[in-house]
Amino acid sequence: MLLSSRIVRSSLVTAPPRLSRFFTQAHKVCKEEDPIAPPSPTTQQTEPKYTHFGSKTVLKSNKQKLVGDVFSSVANRYDLMNDVMSLGIHRLWKDHFINKLDPGKRPNSTTPLNFIDVAGGSGDIAFGLLDHAESKFGDTESTMDIVDINADMLKEGEKRAMEQKKYFKDPRVNFLVSNGEVLEEIESNSKDIYTVSFGIRNFTDIQKGLNTAYRVLKPGGIFYCLEFSKIENPLMDLAYQQWAKVLPVMGSMIANDYDSYQYLVESIERFPDQETFKSMIEKAGFKSAGYESLTFGVCAIHWGIKV
Ligand SMILES: COc1cc(O)cc(C/C=C(\C)CC/C=C(\C)CC/C=C(\C)CC/C=C(\C)CC/C=C(\C)CCC=C(C)C)c1O
Ligand SMILES: C[S@@+](CC[C@H](N)C(=O)[O-])C[C@H]1O[C@@H](n2cnc3c(N)ncnc32)[C@H](O)[C@@H]1O
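Predicted, not measured: the structure shown is a model, and the values here were computed from it.

Procedures and definitions
- Residues numbered from 1 in each chain as written.
- Chains lettered and ligands numbered in written order.
- Predicted model: local features only at pLDDT ≥ 70, side-chain atom pairs only at ≥ 80, totals over all residues.
- Heavy atoms only, no water.
- Buried < 20%, exposed > 50% of the residue type's maximum accessible area, 1.4 Å probe, protein only.
- Helix = DSSP H or I, 4+ residues; strand = E, 2+ residues; numbered from the N terminus.
- Arc of directions from axis to C-beta.
- Polar contact = N/O pair within 3.5 Å; in protein donor to acceptor, adjacent residues only side chain to side chain.
- Pairing = 2+ DSSP bridges.
- Axes fitted to C-alpha atoms, helices over the stretch in contact; angles between N-to-C directions.
- Contact = heavy atoms within 4.5 Å.
- Right-handed = clockwise from strand over helix to strand, strands pointing away.
- UniProt positions renumbered as here; feature names shortened; annotations may be inferred.
- Near = heavy atom within 4 Å.
- Areas by Shrake-Rupley, 256 points an atom, 1.4 Å probe, with all protein chains shown as cover.
- Nonpolar A, V, L, I, M, F, W, Y, C, P; charged D, E, K, R; others polar.

It is worth spelling out helix α10 (residues 274–283) at this point. Where α10 is concerned, the buried positions are Gln274, Phe277, Met280 and Ile281. Down the axis, α10 shows its buried residues gathered within 125 degrees of arc, on one side only. Where α10 begins, one side-chain oxygen reaches toward the backbone nitrogen of Glu275, 3.3 Å away; that side chain belongs to Asp273.

Strand pairing in a sheet relies on backbone hydrogen bonds. The paired strands run either parallel or antiparallel. In space, the seven strands of this open sheet follow the order β5-β4-β3-β6-β7-β9-β8, with mixed pairing throughout. With partners counted over all chains shown, the strands left at the sheet margins are β5 (173–177) and β8 (287–294), one partner each. Going from strand to strand, the sheet's axes swing by 15 degrees on average, the running direction of each strand aside. Pairing analysis gives five bridges linking strand β3 (residues 114–118) to strand β4 (residues 143–148), with the strands arranged parallel. Each residue of the ladder has a partner; that of Asp117, found in β4, is Ile146. Along the sheet, helix α6 (residues 151–163) makes contact with β4 and β5, crossing β5 at roughly 160 degrees. On top of the sheet, α10 reaches β7 (217–228), β8 and β9 (299–305); it is set at about 155 degrees to β8, its chief contact.

This part covers the pairing of β3. Most of β3 is tucked away: four of the five residues are buried. Handedness of the β3-helix α5 (residues 124–137)-β4 crossover: right-handed. Sheet topology note: the β3/strand β6 (residues 191–197) ladder contains four bridges and is parallel. What sits directly across from Phe115, in β6, is Ile193.

Turning next to the side chain of Ser142. Tracing the backbone shows Ser142 in the loop between α5 and β4. At 2.9 Å, the side chain of Ser142 and the backbone nitrogen of Leu113 are in polar contact. A polar contact is formed between the side chain of Ser142 and the side chain of Asp139, at a distance of 2.5 Å. Not counting residues up to four positions away in its chain, the partners in contact with Ser142 are Lys105, Pro112, Leu113, Phe115, Leu130 and Arg172.

This part covers the UniProt feature "binding site: S-adenosyl-L-methionine" (unreviewed entry) in the protein. With numbering matched to this structure, UniProt assigns "binding site: S-adenosyl-L-methionine" (unreviewed entry) to Ser122, Asp148, Asn179, Gly180 and Ser197. Relative to the helices and strands, Gly180 is located in the loop between β5 and β6. The residues contacting Gly180, other than those within four sequence positions of it, are Val118, Phe203, Gly209 and Thr212.

Within the structure, ligand 2 sits among 20 residues, and Tyr78, Ala119, Asp148, Gly180 and Ser197 are positioned closest to it. Note that an oxygen atom of ligand 2 is positioned 2.6 Å from one of the side-chain N or O atoms of Tyr78. Between ligand 2 and Lys94, the relevant distance is 2.8 Å, taken from an oxygen atom to a side-chain nitrogen or oxygen of the residue. About the coverage of ligand 2: the protein hides 97% of its 600 Å² of free accessible area. Within the shell around ligand 2, the residues separate by chemical class into eight nonpolar, nine polar and three charged.

Another point: the site of ligand 1. Taken together, 24 residues form the shell around ligand 1, and within it Tyr78, Asn82, Arg201, Tyr240 and Leu264 come nearest. The contact in question runs from an oxygen atom of ligand 1 to an N or O atom on the side chain of Arg201, over 3.0 Å. Surface burial for ligand 1 is 89%, taken as the share of its 930 Å² of free accessible area covered by protein chains. Among the elements of the structure, α2 (60–74), α3 (78–85), α4 (89–101), α8 (234–255) and α9 (258–270) are those that each provide at least two residues to the shell around ligand 1. A total of five residues in the shell around ligand 1 trace back to one element, the largest contributor, which is α8. Looking at the shell around ligand 1 residue by residue, the class counts come to 17 nonpolar, five polar and two charged.

The structure is reproduced here in structure tokens:
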């Protein structure tokens, strides 16, 4: 059983769905005006002021702006680039993520669910969750906050809602520009399901983001994350490393943007492996934490329950 009986109580999750064997493996110091410069030996001791931006060391106070520039730059070609760079596989990952969570108000429940999708700019996950809830459980009442720090990415999500004539100006759906590390507009203990997909890797302070996820969830609520991870098989890892070298070149050719995709590759390298990230989820206070590696560990789904 994937998740605890507490969760079954809140009628959110059923047994994990069937999976294709291929698809799852189930199991600088900077002067203030210079945001990207290597730290000198003397100032390295003041490390908490610094963080990573891809392979660079930057002032923590500057990372948000640098990440913001990356996503403003990629926003209008986001879907195309993802399809090309992942050979369409990101859609399978996202579908699996949603099906495995199996979200929606069950017919025997009278209480709609409150979802929050953090770093959800494109709307992929948020709309997918709501579609699933409606088509599988007839749930047309549950609500969704789509939160992103970047207004350009959120606009892409809203544009998509408008184009598909669904979830646009829908009173159930709220688009909110906010930092996932803080979520100051979101009340504590107010959400049933917290999702974050390919977003948390970009946070300046990942542990702070996890602590905030814990804060906003109700007792019994689920933290559920899709993110790049570590490939466990050395041969596959070698193949992936070759693919990763080509990504910035494709970014340059298709979107005239080498740097953003170089950042993508470097941020993937820096993100903790499956077990380390699971420990961070536990450190935030979540119980029954676990994960499932997808496509040899290229990415992984992690979860945890607030009890
Ligand atoms: C700037 O930051 C970003 C920009 C962006 O467009 C997207 C993201 C976040 C990422 C996604 C939403 C998923 C989409 C994926 C990509 C854009 C590219 C990253 C893809 C990989 C790192 C690997 C892709 C996986 C494959 C091609 C299939 C499996 C491949 C291997 C295991 C290696 C090769 C091995 C064999 C072929 C056997 C973003 O942050
Ligand atoms: C690769 S996109 C993922 C979008 C979507 N969730 C998906 O799966 O396609 C990463 C998103 O994380 C957002 N992001 C980065 N740092 C953030 C933060 N601190 N708080 C909220 N969103 C953030 C970016 O603006 C961007 O929209």
